[in-house]
Amino acid sequence: MSQSAHPPSVSAVLSSASGQVIVAAHGHAAAVLAIRSAIEEARRGQKLLTDADSVGERALVLLLAALRPRYRPVWNLTGTILHTNLGRAVLGEAAVEAATTAMRRPLALEYDVGTGQRGERDAVVAELVCSLCDAQGAVLVNNNAAAVMLVLDTLARGGEVIVSRGELVEIGGSFRLPDILERTGARLREVGTTNRTHLRDYAQAIGPETRMILKVHPSNFSIVGFTKAVGIAELAPLAREHGLPLVHDLGSGSLVDIGRFGLPKEPTVGEAVREGADIVTFSGDKLLGGPQAGFAVGQAELIAAIARNPLKRALRLDKIRLAALEATLQHYKYADPVESNPTLQLLARPPEDILAAAKRLAPAVARILGETIAVEVCDNLSQVGSGASPTAGLPSTALCLAPASTAHMTPEKLAASLRELPEPVIGRIRTGRVLLDLRCLLPEDEAAFLTNLSALTRPEKGR
Ligand SMILES: *Cc1c(COP(=O)(O)O)cnc(C)c1O
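Residues numbered from 1 in each chain as written. Predicted model: local features only at pLDDT ≥ 70, side-chain atom pairs only at ≥ 80, totals over all residues. Heavy atoms only, no water.

A. Broad picture of unusual backbone geometry. For D134, which is not glycine, the phi torsion reads 60° and is therefore positive. Note that D134 resides in the loop between α6 (123-133) and β4 (137-141). Its relative accessible area of 49% is what places D134 among the partly exposed residues. Backbone geometry at T431 places phi at a positive 40°, although glycine is not the residue there. Here T431 shows up in the loop between β16 (428-430) and β17 (433-437). Residue class for T431 comes out exposed when judged on its relative accessible area of 69%. (Helix = DSSP H or I, 4+ residues; strand = E, 2+ residues; numbered from the N terminus. Buried < 20%, exposed > 50% of the residue type's maximum accessible area, 1.4 Å probe, protein only.)

Okay, structure coming up:
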């Protein structure tokens, strides 16, 4: 690895033929940055490049790699519709348009166009969501974790919050209810046991320090067998009797009954409100199918207090997401939400549709992958994801890619090369095969999917 000659200087590379090409295409500043990286590589002996033009060529490769967005679109064929690591909900066209306009133009955000006076930032979305779930008021924040935090900080600071042991959840490794509670200066008062909590457990725990009864949707797990949980309807009279706010963290709040998609019954946000919770909190980018956001909806006075909390300013939503939320909720109110909301569309996609797509795509995919990888159409179960209906599977179909045992190809390597595509294809490895669940690959995107897949470096080309 010894180098006889020094790498060329930045100015030498800049004036070389390839250096000139970079400057012309990307400007002087970017060219200098990239050339410095290429020279640094050469100096460390990672690349044996000593002539200016070769260093320039290498700099262009580095620059193009650096310029490629890393928050780039991927094909979510994991079978999980709302995949937190892949950005959860995909927005409907109206929401995308509203968000784009909000980015391009000034907006009547905290401005009442009628009076020319200052307006309320959350008012438009709050009014819409309240009309959809029969709540008296709403506060909008960055995400549901922020909503829970703001509610606790406003209503329970310095006091005790009663929560069932069966509901002390951790969501995605970063939302742990006990930790959030502690941060807000509220103390957790656990009641019941992991599998069973009774109304009397709540009643016995109420004391002078109690500030709130909190019910948390268990979201990403379910306890089965000998279980007992106390519902909001049962808790509401107890909370009222003691003058305590009853808060329900619903997590993936849906505005429509997901039972119609063949999923187990979950209360909608409206049902949760009508059941008697004073405040209901939920996410914008889970089953609602909007941008990342957190909602706290419920009783007018409590909502007003939550909105006045100085922390609200730190957790508030930006104009882009508020505009997207307005468009998303407009559709719930005035149109068939399933037709315009990609999340609901994917949930509602008929299994026979997905099977037909698999049969259509299998031969083309097999041709691209080559002889050493068998492509089969197989049954699969898709998941809602993001903690919604964790135990429910939606009948779906996957392409199962099985590398021949003789080929120098493992499922892991195949999955890795799918991730290296210009638009990474993300599947799942199961029992020695790579599964591509086709629920989230819509018919109108199939051609683009195959074009992207054609860029795959085949194993027989020496990977
Ligand atoms: C998902 C979830 C949260 C966190 O919501 P984010 O919008 O991701 O912050 C909180 N509570 C429950 C019950 C959830 O399911």
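After that view of the structure, there is still more to cover.
B. Structural detail: the sheet that holds strand β13 (residues 373-382). Strand order across the open sheet formed by 4 strands is β13-β14-β17-β16, with antiparallel pairing between neighbours. The open sheet has two free edges, formed respectively by β13 and β16, since each of these has just one partner strand. Averaged over all pairs of adjacent strands, the angle between strand axes in this sheet comes to 35°, irrespective of strand direction. Where β16 lies against β17, 3 bridges are found, and the strand directions are antiparallel. By the bridge assignment for β17, R428 is matched with L435. Along the sheet, helix α17 (residues 351-369) contacts β13 and β14 (394-403); its crossing angle with β14, the most-contacted strand, is approximately 10°. Contacting β13, β14, β16 and β17, helix α18 (residues 411-419) runs over the sheet at an angle of about 40° to β17. (Pairing = 2+ DSSP bridges. Axes fitted to C-alpha atoms, helices over the stretch in contact; angles between N-to-C directions. Contact = heavy atoms within 4.5 Å.)

C. Up close: the packing of aromatic side chains. Tallied over the entire structure, the rule returns 2 aromatic pairs. Ring centres of W75 and F449 lie 5.4 Å apart, and the angle between their planes is 75°; this geometry places the pair in the edge-to-face category. Taken as a pair, W75 in strand β1 (residues 75-76) and F449 in helix α19 (residues 446-453) lie far apart in primary sequence, 374 residues in all. Looking at W75, the relative accessible area reads 11%, which means it is buried. Overall, the relative accessible area of 1% leaves F449 in the buried class. Centre to centre, the rings of F282 and F295 are 4.6 Å apart; their planes meet at 5°, and the pair counts as stacked. You can see F282 sitting in strand β11 (residues 279-283) and its partner F295 sitting in strand β12 (residues 294-298), a full 13 residues away along the chain. Classification of F282 by relative accessible area gives buried; the value is 0%. The exposure class of F295 is buried, given its relative accessible area of 0%. (Phe/Tyr/Trp six-rings, centres within 6.5 Å; stacked < 30°, edge-to-face > 60°.)

D. Examining the pairing of β4 more closely. By the criterion of burial, β4 is predominantly enclosed, with 5 of the 5 residues buried. Alternating residues of β4 divide into G137, V139 and V141 and A138 and L140, and every residue in both groups is buried. Pairing analysis gives 5 bridges linking β4 to β12, with the strands arranged antiparallel. By the bridge assignment, V139 is partnered in β12 with A296.

E. Main features of the state of the cysteines. One pass over the structure, following the stated rule, counts 1 disulfide. Paired through a disulfide, C378 and C400 show a sulfur-sulfur distance of 1.7 Å. Here the S-S torsion is close to 65°, and the disulfide linking C378 with C400 is therefore right-handed. Here C378, found in strand β13, pairs with C400, found in strand β14; they are 22 residues apart in sequence, far enough to count as distant. Note on C378: relative accessible area 14%, which makes it buried. No disulfide involves C130; its nearest neighbouring cysteine sulfur is the one of C133, lying 5.8 Å away. Lacking any disulfide linkage, C440 is separated from the closest cysteine sulfur, that of C378, by 16 Å. Taking relative accessible area as the criterion, C440 reaches 17% and is therefore assigned buried. (Disulfide = S-S within 2.5 Å.)

F. Molecular detail of the packing of helix α7 (residues 144-155) against helix α12 (residues 300-308). Remark: α7 packs on α12, axes separated minimally by 9 Å, with the N-to-C direction vectors making an angle of 100°. Taken together, the axes of α7 and α12 are roughly perpendicular relative to one another. When α7 is examined against α12, the residues L150, V151, T154 and L155 are found in contact with a partner set consisting of L302, A305 and I306. A class-by-class count of the residues in the contact of α7 with α12 yields 6 nonpolar, 1 polar and no charged. (Parallel < 35°, antiparallel > 145°, perpendicular 65-115°, else oblique. Nonpolar A, V, L, I, M, F, W, Y, C, P; charged D, E, K, R; others polar.)

G. Main features of the packing of α17 against α19. In the contact formed by α17 and α19, the axes pass within 10 Å of each other and the chain directions differ by 20°. Classified by the angle their axes make, α17 and α19 are roughly parallel. Here the hand of the crossing between α17 and α19 comes out right-handed. Contacts from A357, R360, L361, A364, V365 and I368 in α17 reach E446, F449, L450 and L453 in α19. When the residues that make up the contact of α17 with α19 are grouped by side-chain class, the tally is 8 nonpolar, no polar and 2 charged. (Left-handed = near helix turned anticlockwise from the far one by under 90°.)

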